[in-house]
Amino acid sequence: MGLPHVTSIVRPSSVEAALNLLKNGNGAARLLAGGVDIVRQPPSGDITLVDVSALPLRDIAVTEDGQAISIGATATLTEIMESKLIVNLYHGELIAMLGRVASPLLRNLATIGGSIGSSHPWSDIHCLLLALGAKVEVYDGSYRTVDLADIAPRPRQDQLFTRVLIPIHGNGTAVAFETFSLTKFDVAMLNCACSISIVAGKVVAARVVAGGTPARASRIHAAEERLLGTELDAASIQHATDAAVSDTGLRDDVRASAEYRRVLLKTGIRRCLLRARARTALGSKPLS
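Residues numbered from 1 in each chain as written. Predicted model: local features only at pLDDT ≥ 70, side-chain atom pairs only at ≥ 80, totals over all residues. Heavy atoms only, no water.

### What to know about the sheet that holds strand β5 (residues 68-72)
Basically, it comes down to this: Criterion used throughout: strands pair if DSSP finds at least two bridges between them. Note on conventions: DSSP H or I runs of at least 4 residues are helices, E runs of at least 2 residues are strands, and numbering of each starts at the N terminus. Angles run from 0 to 180 degrees between N-to-C directions of axes, and those axes are lines fitted to C-alpha atoms, restricted for helices to the stretch in contact. Contact definition: two residues touch when any of their heavy atoms are within 4.5 Å.
Taken in spatial order, the 5 strands make up an open sheet running β4-β5-β8-β6-β7, and their pairing is antiparallel. Since the sheet does not close on itself, it has two edges, and those belong to β4 (60-62) and β7 (143-147), each with one partner. Between one strand and the next, the sheet's axes are offset by a mean angle of 25°, whatever the strand orientation. With 3 bridges joining them, β4 and β5 adopt antiparallel strand pairing. Across the sheet, the residue bridging to valine 62 is isoleucine 69, located in β5. Where helix α1 (residues 15-23) meets the sheet, it contacts β6 (135-139), β7 and β8 (160-167), and its direction lies at approximately 125° from that of β8.

### Some words on helix α7 (residues 124-132)
For an α-helix the count is 3.6 residues per turn, leaving residues at separations of three or four pointing the same way. Here is the rule we go by: Relative accessibility under 20% of the residue-type maximum defines a buried residue, over 50% an exposed one, and the middle range a partly exposed one, all with a 1.4 Å probe and only protein chains included. Throughout this description, a polar contact denotes any pair of N or O atoms lying within 3.5 Å of each other; where both atoms belong to protein, one of them has to be capable of donating a hydrogen while the other can accept it, and for residues adjacent in sequence the pair is counted only when both atoms sit in side chains.
Counting buried residues along α7, 9 of its 9 residues qualify, which places the element largely inside the surrounding structure. Every buried residue belonging to α7 is among Asp124, Ile125, His126, Cys127, Leu128, Leu129, Leu130, Ala131 and Leu132, and all of these are buried. Its side-chain oxygen placed 3.3 Å from the backbone nitrogen of isoleucine 125, serine 123 serves as the N-cap of α7. Where α7 terminates, the next one or two residues include glycine 133, which has phi positive at roughly 75°.

### Some points on the nonpolar core
So the rule is basically this: Each nonpolar core is a collection of buried residues, namely Ala, Val, Leu, Ile, Met, Phe, Trp, Tyr and Cys, held together in the definition by side-chain atoms within 4.5 Å.
Ile116, Leu129 and Ile166 are the most contacted members of the largest nonpolar core, which has 39 residues in total. Among the secondary structure elements, those contributing two or more residues to this core are β5, α3 (77-81), α4 (93-98), α6 (112-118), α7, β6, β8 and β9 (173-180). Per-element accounting of this core gives the leading share, 7 residues, to α7. Leaving out residues up to four positions away in the same chain, isoleucine 116 has contacts with Leu129, Val136, Leu148, Ile151, Phe161 and Val164.

So this is what it looks like as C-alpha cells:
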C-alpha cells in the first residue's frame, strides 16, 4: 500500500530533536514507530514522518526503586510478550491480553506508545493498563510522569510518550481481564478489567474498568466503592456488578447493542472479580 502524501521521512537522533520536528511541523508532521495506524488511516494531506523507531526507547526493565516495570514507548507488543520480566507479572494476565490483540504480524509492528497514543475506544491494552494504575512518562521539553487516565485520546504535537510504567504490587493484589469479540482477531464489543488489593481479608483498593462501551475505557467508581471494605464475597461481587451496569453509559453502535453490552458487562465484571479473588488467595508469582 502506498502513502502518496508522505513527502519525507526524518530520523531524529534524540527525543528532543523529535519533539522539535513535531512542533515545527505546523501539524504536517506525524510520528512513525511501528506505522500501523499510519497505514490503517493514511494521511489526507502532505506530511513528514518523524521516525522514532531507532531512538533508545525499546528497553524493558524494573525501575531503580523496584516499584514498577518500565517499558520503552517503541517496544513492540511482541517484545513485551517475550520479556522475562512480563511473562509472570500478575499471573500472566498482561501476556494473555496482548496475545488477543490483532494478529502476530501486527504485534511485531505495533508499539506500546502507539497503542496508548491512538487509544481506540475498543482498546484492550488501554483497558487493562488503566486497571493496573499505569503511568506514562511524557517529554514536552522536560520529563514528567502522568496517570494513563489523564492522557488525551489523540496524539498531540507538543509532547512525546517515552515510556510506560506498570506498578508492581504485593501478593495481596491481583488483576483480571475479559474481552468479548466475534473472533480472536476482531476488535472488542466490550472489555473490562479489575484490580483488587486485599489486606487482612478486606478489600483496601479496587479498580474496575470498562471499555468499548462503545466509549474509551474508564474507571467505574460506583462499582469500586461497593467493593471497598468487603471480603469480596458473593454479595459484594453482585452489588459491584449491578453498580457497574447502572453507572456505565452503554450505547448502541455497529458492533453491539446497549442491551447486549449490559449482559457482557455484568458477565465480564463478575468473571474478573471471581478470578482476582482466587488469585489474591494464591499470591502473586515472582518476577523472573
